[in-house]
Structures are given as structure tokens and as C-alpha cells.
Amino acid sequence: MELNSKIPAGPLESKWKTYKSTCKLVNPANKRQIEVIVVGTGLAGASAAASLGEMGYKVKAFCFQDSPRRAHSIAAQGGINAAKNYQNDGDSTYRLFYDTIKGGDYRAREGNVYRLAEVSANIIDQCVAQGVPFAREYGGLLSNRSFGGTQVQRTFYAAGQTGQQLLIGAYQGLERQISLGNVDMYSRHEMLEVVKIDGKARGIIARNLVTGELERHFGHAVLLCTGGYGNVFYLSTNAMGSNVTAAWKAHKQGAYFGNPCFTQIHPTCIPVSGDHQSKLTLMSESLRNDGRIWVPKQKDDKRKPFDIPEEERDYYLERRYPAFGNLVPRDVASRAAKERCDAGYGVGSSKMAVYLDFASAFERYGHVEVRKQGIANADKATVYKLGVAVVKEKYGNLFDMYAKITGEDPYQVPMRIYPAVHYTMGGLWVDYELMTNVPGLYALGEANFSDHGANRLGASALMQGLADGYFVVPYTLGNNLADDIRTKAIPTDHPAFVQAEKDVNDRIERMMNIKGKESVESFHKRLGKIMWDKCGMGRNAKGLTEAIEEIKALRKEFWANVRIPGEVKSFNPELDKAGRVADFLELGELMCIDALQRNESCGGHFREEYQTEDGEALRDDEKYMYVAAWEYKGDSQYELHKEPLNYEVVHTSARSYK
Amino acid sequence: MEHYKMNLTLKVWRQKSKDFKGHFETFKVSDISSEMSFLEMFDVLNEKLVAEGKEPVAFDHDCREGICGMCSMYINGRAHGPWHETTTCQLHMREYKDGDTIVVEPWRANSFPVIRDLVVDRSAFDRIIAAGGYISVNTGNAQDANALPIDKQKADESFAAATCIGCGACVAACPNTSAMLFVSAKVSHLALLPQGDPERKTRATNMIHQMDTEGFGSCTNIGACEAECPKGISLENIARLNREYIGAVFSGSKD
């Protein structure tokens, strides 16, 4: 199949405007006859479901959690980018677009990214109108901070819980549509199959996680807003339930999977403490605004951090990247931390951590406060106390979280941090309209591959989720559904629905009947270890080749020896998890295959064979300037389709933050 | 900080579904590290149960970083356990010592029926939000965000109320199973902002009406909700809700 990205013709700045004024519309009377399924209720799903409900479509929304408000977007901490230029520091739509393209190491589409930057400002307007309580200055206007990979302040935030506030805003909009009868909500439901009729996505099979019953749901279109697949690594910053199942089922029904190997390892997470660990907790990138990252200059230094004098500390990010310092993009910061730890300079009991130190921020803010409050001859303790108060207001919840998890007081001793899996830039391949190559099947937010190339900049995930849901899909869906107004709702006793339900049921039965010896959790951990060791921060051909065989063997073992207690027709979290791990066991292999074919380093994909002399990523634009879109052809059979990336505006260059 | 291992006795509520009678079941777990979170200790228990061919204990959890509001255990008589302003997922085992016995129950409230073991149905909260916990603004019509300056103090107070995670600990902790803290947090979040002003009367009355319909109890100012709230939502919000509600009723807004 020919991949058509459907980027509108014309200059970059007018593509989206032209599209919006020329796309087809569905009249209000027809909208009432059209049903839309939205799977997932995070920022992308909740905003899409609410907006489409308002527009008059009949929407059904699904989430596996007990309430749409719990989707993992809620855990996003630092902020959301928007090209508002409220700080008068030279920001613009073009600059946000350029930073995102460069941050993604030139592996994203210009057209999509420009549109994202263009609608970013509307998102902030929309959220403020909904009552999202963003941080404000004393004059009553919105406050901003900076994030990695940029030199302007364009990040809007609500303390360290921006994702929570944005999601609650979208959730409230969704609940309003539910009360008006425009959206039917199905909580504790998991999508287990896409139903295709005459080549088009026409519905889903979902499992009611309380009763275990399978249900058939028809939709003229199906929107997957189901997030990323970072949990393939077992340990990640994702929620325990985050999974790839919906996207993977779509992939097996013909939707191409784009750039699966592009995963983001976030530099500032609380380090692993032991084998029992079930998840890793992020310390927001916003902390790098004020915290300085360092390790001792001396190997295996046993002294306490505050006993190590300034001149014996190596602020390695400031040293290597003076222009961006501690605010280099995530992929760069993560690799630099790994490099120091691998070289033997790591700190803490595991030696796999670096310090994130706020001492200088306490002092700096303290002096500002002293001047503000007119305190003469303030002593060191007063300055420190006032400085701590300022930092507390900015990041208090993050410091508390760190203290609870580690039992250490980060106001007294520097935080210890280490990189962890956080986000997946890869996802279902979509065109400019966010439609996959399966007609009628869309992917929004982290579930698609479209906007972040090989590395996502901080505070851009929230932006993309809401852009897709509020401002993009309401237009692009109509453009396609306009041709579908004569299609009546298809009854769910149609043979395609019957067959799809039977397939799902057979698979569940097969899994339950294995009655082996090893728990689902144990398989998941083993898969995670293979992925982290061989498809994590550093990758090479030998490791990836081994990983592919190891995953195949593990998958075989899973299907012969997994033990799932309980019954099918009941509330059975072990069974839910088994289905998700089974899909991860397939996805992991594809990620390694993708990483193996991409013989270059770019963004989060670092192939050890391809680096510069000083250890920076070495891209190969000649050979790999394309999106790798994989087609499922059967067990372990994937065919690569390439969508070339044509840069018309931006000149690609070696990405430098020095 | 010194880390240590411990052996524990757990008394955990088991209940097949809301139509079955429940009971406590006693388990022993050993070699629990003081570095584990409380839920990781439950992971250890469940792995053990699976290995023994028994059914694991069902419990709700998702983000495990204290923000999604999904986890919900009643631990030794306290919602989310002994730590102040902390969800169960953020409670860590260094709180306990070798030989301790820990009793774990689900949220107990008629409006939160048990689904299984420690899992309860909190959809009543969603229905309360649907009754009015929003600002009626459609996508795409908003004015510029900075066209409406908002007093920083008001914005900060609104944010503090908006940090509610909807976990239901307030209801579980209340002897009357009242949902006033939850409802008041949402009413305050929106009433403190100028954008929330046009609908403030109908919002307060509709949400209170839905709260009563769901069968939550009355508020008698005990304050257990505030004490157990993992996000430190203040009782002042309940006072504000009462003012909003009385104001709405006396000005003739529908009830």
C-alpha cells in the first residue's frame, strides 16, 4: 500500500488554515445519526470525546480505569508549551515549530508539527476558559517557565501537577456531555479488538472488566487515544495499567506501526531501589530550571555530597553543553548521565545515580526575597530559609514525593536521579488527518507517532494530546464522515462482529487453559529486562539480534507456562494483565527489529556503532530520513514501508546544544 | 537511612462481589523490604498467592505516584494508612517493623458498593461532577487567556481546591459517609474563578442534589475528611459550599 501523508499543498503557514476552510462538513442533522467510538480518556480522548459530543455526534467513550479522570495524563507534572510569547522573549509559532522539529532530531513531519505549534495558543485559551487554575503572577497574568531544548519561557503550568489540572478540565467537559446525553461512558472496559467491515473500522469488541463479559459496539469511526507503550520495559514512569493492547490490536488488523523503536528515556527519575520495584517515579524536568546536575570529579568518592567542595564537582551538562546547560533535551541529558555512571562516577549505594542539587537555587532566590522584603544584613540561615520557601512554592509536591519515596529530605541533601523510560514517540502511523491507513480508524495523542520525531521535548505531550483532541480531529473527522452520512448504524449481529467476538473469546480461553506455573508478572519482568538491557538507552546490532531471539523464546514460554488464576466471567485483574503482557511480548520484538534496521543514531534511538568522537548521536540523513511504518504480516513477520520526510522549510543539520 | 527486612501478618477483607458476604482472611508475608511501597508489599503477597494456586487479592491502583486517585485501602482503621497527606501507593514499608499485624479493608460506604475484595465502585463521584462540576464552555470559542487577569491569591486558592484526586478517602473516613469535602472542593475550585461565576448557583444546588440522590450522608462537622485527605483539602471549602448553597437557595435558584 502506498503511504499517503495527505499533507495539504501550499506554504507551511497556510496549510492548516486552507485545510480548515476547504474540508468537508457534516450538517447538524446528519451528525446526530453518526456514532463515534473513542477509546481512552486521557487528554486526547477526553478532549476529543467532549468536543465531538458538543458538535452533535453520538459518542461512546471507553476507559479501563474506574473513572475517565484517572487516565495517566493526570500524572504529567511540569507543564504545557504554547507559543503565546507572553514573556516577550522572542517566541513565535515558527520558533515552537522549529524547536520541536530540531528536538525530534529531524524525524517528524513539518506539516504536522507546524499545525501543532499553530494551535498551541488556542489550547491555553480553551483551558483557562474551562477554569484550569494555571500559575499566575501577582499582576494576575499567566506565569511561564522554561523547559529543555528551548531558549524561551513558553511553558504554562499549575505547580507540579499540570497534567492533573488539564485532564480534570477535559474530564469536566466530558462529564458535561455525558449529562447532556451526547456521550455514553463505559468505564472499567477494555478494548480487545477492532471490527472491520468492507475494509473500514466500524466498531470494537470491549470486555467489561467487572463482569468479564464481551460487548460489541458499533461506530462509524473509531478513535484510539490509548497512550504509549513504555510499559513494555516493565519499569517505567507509566501507570501500572498503561498498555499497548488497543494500538496493537489495530496494528494486527492492518494499521501500520510507525517508528516503534523511538522511546524516550527521561533523565530525572528516582533511581531503582531493589528487585521489588513496580514502577519508577519521575521528578519533573521543570526541576532542571533551578536544579544543577553533578557528580564528583573523583571516581568512587565516598564523601557526603555537601562535604564535596565546589571545585571537586563535575557539573557535566554545563561543562559539555554550555549554551543549554542543565536544560539540554531529555535524550542528551539521559545519555550524559549514563556515560558518567558507566565511567564509574555515579553516586548513591547502587552507583547508578547522579545528583540534582538545589543549593544554589535556595541561595539565589533567598537573596531576591531578602531584597524584596527589605531585610538588612540577613544572615545565611535567613537567606536559605527564604530561598527554600520560594522553591517550595514552585516544586513543593515534587519534593514531598521524593521524600516519601526515598525517606530523604531533598531540602537538606541533593536528590539522586537516574534516567527511566517515560514516553514513546513511536505509535500507530497516521496521516495529516490523524487517520491510520485503515479507513475510519484514527489515533490521537501518544498513541500515534506523528509529532515528536525521534525525541519529544518537555511539556509537548500535553500540548499534542489536547491539540489532537480539541482542535484537529473535530475538523478532520468531519472531512471523512461527510462521505459516510448515508451509512446507517450497522447492527452488531453482523458476521464481522460475531467473528471478532469469537476471536477474542478464543484467545482468552486459550490463555486461561494454559494453566502453567509462572505468573504474568514474572514474564513481564523478564521481558522488561531484555528490553532495557538491549533496546534501552544504548543499542547495538549484536544485542538487538539477541533480544529478538530471546523475546521469541520468552513468548513461546509464556504461551506454554503462564498461570492465570480466577475465572473469565468475573473481575479478574490477572487476566487483564495477561492479555496486555501477551501483546507487549509481540511489540517488544518489533521494537528491536525497527531499532536494528535503523543504522544511525537519532534522538532517543542511540545505536552505539553510530556516534561522533565525543559521544554525540550520529544521524544518517542520506539513508534514514524516513518514517519506518511496519505492516503486520503474521507471527514475527513484519514488512517495512518507508515514508520519506521532505523538509521544505527547515534545513537539517547536526543537532547541537553546545 | 538504614534499610531492613520484616515479616508481617496481614488481615485482608475478601469479598467475591457486592452480592456475597465478605470476611477477613489472614496471610503471612516474609522478607518485606523497608524500601518497598505498601502496594509493592501487596504485589509480593499476590505473587505468593498465584504461586500457591490461589486467587490474588483484588485492589485498585494505577499511577502509583499519588495523583490518579485510584488506590483506596483502609489500613489499620485509617483511609490511605497512617501517613499524613499520603495516598496508599506512596505509603512505604519503613513505617512498619518486623512482626506487625496490618488490617486492610475497602472503603466502607453504601454509596461505594464493593466490586471485589478491596475494590469499590466510586462512579457516584462521576455522576456528581456530571450534575454541575464544570464550566459550560464549548471548544473553540475562548478569548485570549490573558484577557482575564485573575488575582493570584484567588487563583492559588482555587488551585488548592482543584488538587482533589477524587479518591473517596473523605467518604471512607467520615462516620456519616458524607461526600461534602469532595463536592465542596469542586464547587470552590470553580466558584473562586471569575469564569465559574455565571453558573455558581445552579452548580451548587445541582451537585448537592446529586450527592443526596447517591445516598451520601450528611456533614456534621467532624473533620475526619480533612484529616485523612491525601491532598490536604481544607474544611474551609465545606464552609464555602454551605454559603454557596444557601445563597443559591435563598436567591430562588432551583433546587
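Residues numbered from 1 in each chain as written. Chains lettered and ligands numbered in written order. Predicted model: local features only at pLDDT ≥ 70, side-chain atom pairs only at ≥ 80, totals over all residues.

Quick look at the overall build of chain B now. When its secondary structure is counted, chain B shows 8 helices and 7 strands. Judged by the C-alpha coordinates and their principal axes, chain B covers about 60 × 45 × 35 Å. For chain B, buried positions account for 54% of its 255 residues. In chain B, the proportion of contacts linking residues at least 24 apart, taken out of those at least 6 apart, comes to 71%. (Helix = DSSP H or I, 4+ residues; strand = E, 2+ residues; numbered from the N terminus. Buried ≥ 20, exposed ≤ 12 C-beta atoms within 10 Å, placed from the backbone. Contact = placed C-beta atoms within 7 Å.)

Our next topic: the domain arrangement of chain B. All names here are of chain B. The domain boundaries assigned to chain B delineate domain 1 (5-116) and domain 2 (123-250). For domain 1 versus domain 2, the distance between C-alpha centres works out to 29 Å. Counting residues at the interface gives 18 residues for domain 1 and 17 residues for domain 2. Along the lines of polarity and charge, the residues of the side of domain 1 that touches domain 2 split into 7 nonpolar, 8 polar and 3 charged. (Domains from an automatic or database assignment. Nonpolar A, V, L, I, M, F, W, Y, C, P; charged D, E, K, R; others polar.)

How two helices pack is summed up by the angle between their axes together with the distance between the axes. Residue and element names in this part refer to chain A. Where helix H3 (residues 43-55) contacts helix H6 (residues 162-179), the two axes come as close as 8 Å, and the packing angle between them is 35°. Judged by the twist between their axes, the crossing of H3 over H6 is left-handed. Facing Leu 43, Ala 46, Ser 47, Ala 49, Ala 50, Gly 53 and Glu 54 of H3, the residues of H6 in contact are Leu 166, Leu 167, Ala 170, Tyr 171, Gly 173, Leu 174 and Gln 177. Considered class by class, the residues forming the contact of H3 with H6 number 9 nonpolar, 4 polar and 1 charged. (Axes fitted to C-alpha atoms, helices over the stretch in contact; angles between N-to-C directions. Left-handed = near helix turned anticlockwise from the far one by under 90°.)

Turning to helix H5 (residues 110-130) of chain A, a few remarks are in order. All names here are of chain A. End to end, H5 covers 30 Å across 21 residues, agreeing with the expected 30 Å (1.5 Å per residue, within 8%). Maximum bend of H5: about 35°, positioned at Val 119. Of all 21 residues that make up H5, 16 are buried, and the element is covered over most of its length. Immediately beyond the C-terminal end of H5, within one or two residues, lies Gly 131, with a positive phi of roughly 95°. (Expected span 1.5 Å × (residues − 1). Bend = angle between axes of the 7 residues up to and from the residue.)

Take the pairing of strand E15 (residues 415-424) of chain A next. Residues and elements named next belong to chain A. Among the 10 residues of E15, 10 are classified as buried, and the element is accordingly described as predominantly covered. For strand E11 (residues 263-269) and E15, the ladder comprises 5 bridges, and the chain directions are antiparallel. If you follow Cys 269 over to E15, its bridge partner there is Tyr 418. By the bridge criterion, 3 bridges tie strand E14 (residues 354-357) to E15 in an arrangement that is antiparallel. When the bridges of E15 are listed, Val 354 appears paired with Ile 417. (Pairing = 2+ DSSP bridges.)

Phi at A:Lys6 takes a positive value of approximately 55°, unusual for a residue other than glycine. The residue A:Lys6 is located in the segment before helix H1 (15-22) in this model. Despite not being glycine, B:Thr177 shows a phi value in the positive range, around 45°. One can find B:Thr177 in the loop between helix H4 (169-173) and helix H5 (180-191). Here B:Thr177 falls in the buried class, since 20 other C-beta atoms lie within 10 Å of it.

On to the nonpolar core, then. Residues and elements named next belong to chain A. In terms of nonpolar packing, the biggest core is built from 281 residues, with Leu 223, Leu 224 and Leu 428 touching the most fellow members. The leading source of residues in this core is helix H16 (residues 573-597), at 12 residues. Not counting the four nearest positions on each side in its chain, Leu 224 is found in contact with Val 39, Gly 40, Ala 246, Ala 247, Ala 250, Leu 428, Tyr 442, Ala 443 and Ala 447. (Core = buried A, V, L, I, M, F, W, Y, C linked by C-beta atoms within 7 Å.)

Here we take up the environment of A:Tyr186. Residue and element names in this part refer to chain A. If you trace the backbone, Tyr 186 turns up in strand E5 (residues 183-186). For the pair Tyr 186 and Thr 382, spaced 196 residues apart in sequence, the C-alpha separation works out to 54 Å. Discounting residues that sit within four places of it in the chain, Tyr 186 has contacts with Lys 60, Ala 61, Phe 62 and Ala 206.

Looking now at the interface of chain A and chain B. A common way to report how large an interface is uses the accessible area buried once the components associate. Listed as interface residues are 64 residues of chain A and, on the opposing side, 66 residues of chain B. Counting residues per element, the side of chain A that touches chain B draws most heavily on H6(A), at 9 residues. Partitioning the side of chain A that touches chain B into residue classes produces 24 nonpolar, 25 polar and 15 charged.

Before going further, it helps to spend a moment on the sheet that holds E15(A). Residue and element names in this part refer to chain A. Strand order in the open sheet made by the 5 strands is E11-E15-E14-E12-E13, with antiparallel pairing throughout. In this open sheet, the two edge strands, each paired with only one partner strand, are E11 and strand E13 (313-314). The strands that helix H9 (residues 330-342) touches are E11, strand E12 (292-296), E14 and E15; relative to E11, the one it contacts most, it runs at about 65°.

It is worth spelling out the domain arrangement of chain A at this point. All names here are of chain A. Assigned domains within chain A: domain 1 (266-421) and domain 2 (494-641). Its C-alpha centre places domain 1 at a distance of 34 Å from the equivalent point of domain 2. Every contact between the two is made by 6 residues of domain 1 and, on the other side, 5 residues of domain 2. Tallying contributions element by element places H9 first for the side of domain 1 that touches domain 2, with 5 residues. Broken down by class, the residue content of the side of domain 1 that touches domain 2 amounts to 1 nonpolar, 1 polar and 4 charged.

In this section: the sheet that holds strand E1 (residues 5-14) of chain B. Residues and elements named next belong to chain B. The mixed open sheet is built from 5 strands, whose spatial order is E2-E1-E5-E3-E4. What marks the edges here is a single partner per strand, and that holds for strand E2 (23-33) and strand E4 (78-79). In this structure, strand E3 (residues 74-75) lies alongside E4, joined through 2 bridges in antiparallel fashion. Bridge pairing in E4 links Tyr 74 to Ala 79. Here helix H1 (residues 38-51) sits on the sheet and contacts E1 and E2; the angle it forms with E2, its principal contact strand, is near 110°.

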